[in-house]
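Architecture and fold: a report
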Amino acid sequence: MKVIIAEKPDQGAALAKPFPHKKGQGFIEILPNQLFPEGAYITWAIGHLLQLQSPEKYDAQWKKWNVETLPMIPEKFKYEVTRSKYKQYNAVKSLLQKPSVNEIIHAGDAGREGELIVRNIINMSGIKKPMKRLWISSLTPKAVTEGFTKLLDESETRSVFFEAYSRACADWIIGMNASRIYSILLKQKGMSDVFSAGRVQTPTLALIVKREKEIESFVSEPFWEVTADFDVDGKVYQGKWEKDKQPRLKDKETAVKIADFCKGKPAVIKDLSTERKEYQPPLLFNLSSLQATANKIFKFSPQKTLDTLQKLYQKGIVSYPRSDSNYVTKGEAETFPEILEKLGRLPAYQELFPLPVKSLLNNKRYVNEQKVTDHYAIIPTEQVKNPEKLPADEQKIYDLVVRRLIAAHFEKSIFDYSTLITLVDGRAEFVSKGKIQIQEGWRKVIFQQEKDDEQLLPNVNKGDNGLVKNVKVKEGKTQPPKRYTEGQLITLMKTAGRHLEDEELEKVLSSTEGLGTEATRANIIAGLKDRKYIDVKRNAVYATDKGKVLIEAIGEKILASPEMTAKWEQRLREIGQGRASAPQFMEQVKKLSGKIISDAIEASKDWSFDGIDTDAIQRTSSRASLGKSIGSCPYCKANVLDKGEFYGCSAYKKTKCSFTLSKMIMKKKISPANAKKLIEEGKTGIIKGFKKGEKSFDAVLKWDNEERKLQFEFQN
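Residues numbered from 1 in each chain as written. Predicted model: local features only at pLDDT ≥ 70, side-chain atom pairs only at ≥ 80, totals over all residues. Heavy atoms only, no water.

Structural notes on the overall build of the protein chain
Looking only at helices and strands, one finds 21 helices and 26 strands in the protein chain. If one aligns the C-alpha atoms of the protein chain with their principal axes, the spans along those axes are about 100 × 80 × 50 Å. Within the protein chain, buried positions represent 52% of all 716 residues. Excluding contacts between residues fewer than 6 apart, the proportion of contacts in the protein chain whose partners are at least 24 apart in sequence is 72%. When the 119 basic and 94 acidic side-chain charges of the protein chain are each reduced to a single mean position, those positions are 5 Å apart. (Helix = DSSP H or I, 4+ residues; strand = E, 2+ residues; numbered from the N terminus. Buried < 20%, exposed > 50% of the residue type's maximum accessible area, 1.4 Å probe, protein only. Contact = heavy atoms within 4.5 Å. Lys, Arg positive; Asp, Glu negative; His and termini not counted. Charge placed at Lys NZ, Arg CZ, Asp CG, Glu CD.)

Given below as structure tokens:
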């Protein structure tokens, strides 16, 4: 009899669906059938049932956060069962121990983490029985039954386990040691918070902080532009004054002079040029490109997109969600006609059929076996679903995946881009730009969210004469760089921080080793939010003071380097392919942890955090500070205590004294030091970064004892 171990309960249910079965406690029993003559048990993990032990479990000295005990490097890493998941672990272990079970089928996700999750459970149980590997990219009944007939030997994916295990242990070494050294050293600078650092989250945070600094240091400057309306034989169009390809003027006076000069003057078409551009249909989705697209169109966070996609996968209607490939093999391409035929019957897509391109089999833009690694691109499966019958979020993501496949069967879209140069009175040149769609092609399928400022130019010829009808001077201001959206952040992580145009992206994304993997990027961004390093407001990513402090402290060191992390991912991939040594990699990681610690100690001598409100970076809601007195009540002189979300008078129960002070005022955290100063001295020092809407300001907080209320006091 066989035991099949899936990664999640829903996957276990999907694996059991094609066979007669009955449910048990923590498992499903497959009844005897042609594929499993003796029957089988399907059980599952619930994500990671095991976790690497905490430092103090290896060495009691490591319990205390102390520079002298760093770096912490266990002789041998050990896993332990996650406390909340003991019940399911015991259910899996008891099945593995059954004397009637003579083979294990590893059915975790076909990727690095899935390999680690299931093998860890088997290793922890101590059971040594023959093992096979189910490796599939879809959970349709057809894919499941085919997968069970083509099981791999466990040795074929063992190196993927070494990759995952090396990644977990290496991240433990870097994360634990870096977090401790920076937390200890920053506490010495007055910030009693935990500063989590890691080899993926820290370079990602560095990219966000870098953009924040660019925005903060940006000085906006005014400029003026001159626009004119022209009439050439009754054909009216608009142009913008330019000199040496520069349309902006730095002073208003010059702009007004140009405008006055041009009023009512004769104009002639000096030049007219047209460039034709052809746009191929976009590549099929991998996870990163789908997350970026869903964020741009629907403002979905990367984690929300992944969670939604996972639900669609578990329903068997899309392929494996954590794919890093934009390509499919010929085997998948051969299923497209059947999938498309079913999609063509659905009301949502009927107008797009019949398709201009009948087959992609010989199209290397989509069908390229050499560019398919563990998984092919994210595509709808042959188990086609009417999107209108799905929940709203699932409908949106499923529709994106479906339309991307349909678009691949359309022709290219073609535009003519025209540039018209108009000369006014032989001296002033005005440039007009426009475009004409020659062939809609795939844009009929995929809704474009582009801002289109280009006008439709009239049919005029070089040498045609006309007049200036109207002239305007328009004032503007230079704008700082925009904050990243979460979708752009995913793309930046994928490209290891390189800013690339769309055409470049297409060339490099499928081969780039970036920050993290398809499976982990959404989680990294979520972790940065949870650790209060970033805020996301209206889909824009802001670095917090805490995030700025950590990156300022790390500086240009290797821990904040996207290139180092990208190389790390590349080496891990090589371990997974059996082309690199895991022990050698771990030795390099141990040396790196020592360098991170020595770099931090050396750099801390010169740390300066000017312009950052470090007072607010405190663990105000920690158990250690909860209930602690910060000073005397300005009303009744009783103690004012830390109550978690606010500071409040300890005499409230006895005397109903109503004094309270929020820990968050106008989106600014009020530290215990500032709260103490306020209630004992009547005012704080200047606090930077209060926010009202999108505007921020600096002020002193003042307590008015007569009116019993807080006031802002401004320095100027």
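Looking at the packing of aromatic side chains
Any pair of aromatic rings gets described here by the distance separating the centres and the angle formed by the planes. The tally for this structure, following the rule as stated, stands at 27 aromatic pairs. For the pair Phe230 and Phe430, a centre-to-centre distance of 5.5 Å together with 75 degrees between the ring planes defines the contact as edge-to-face. In this pair, Phe230 is assigned in strand 10 (residues 222–232) and Phe430 in strand 14 (residues 428–439), connecting sequence segments 200 residues apart. Residues Phe230 and Phe430 agree in their burial class; the two are buried. With centroids separated by 6.2 Å and ring planes inclined at 45 degrees, the aromatic side chains of Phe415 and Tyr417 adopt a geometry described as tilted. Here a set of aromatic residues connected by ring pairs shows up, and it is made of Tyr79, Phe161, Phe162 and Tyr165. The ring of Tyr533 carries the charged tip of Lys546 above its face, separated from the ring centre by 5.2 Å. (Phe/Tyr/Trp six-rings, centres within 6.5 Å; stacked < 30°, edge-to-face > 60°. Lys NZ or Arg CZ within 6 Å of the ring centre and 35° of its normal.)

Focus: the sheet that holds strand 21 (residues 660–662)
Taking strand neighbours across the sheet as the criterion, the 4 strands line up as 18-19-20-21 in an open arrangement whose pairing is antiparallel. Pairing within the sheet leaves two strands with one partner each, and these edge strands are strand 18 (629–632) and strand 21. Neighbouring strand axes in the sheet, compared pairwise and without regard to direction, differ in orientation by 20 degrees on average. The sheet contact formed by strand 18 and strand 19 (residues 639–642) spans 3 bridges and is antiparallel. Of the residues in strand 19, the one forming a bridge with Ser629 is Leu641. The strands that helix 21 (residues 672–681) touches are strand 18, strand 19, strand 20 (646–649) and strand 21; relative to strand 18, the one it contacts most, it runs at about 15 degrees. (Pairing = 2+ DSSP bridges. Axes fitted to C-alpha atoms, helices over the stretch in contact; angles between N-to-C directions.)

A few points about the pattern of salt bridges
One pass over the structure, following the stated rule, counts 47 salt bridges. Across the pair Arg345 and Glu341 runs a salt bridge whose closest N-O atoms are separated by 2.6 Å. Each member of the salt-bridge network shares a partner with another, and the members are Arg112, Glu113, Glu163, Arg167, Asp171, Arg199 and Glu569. (Salt bridge = Lys/Arg side-chain N within 4 Å of Asp/Glu carboxyl O.)

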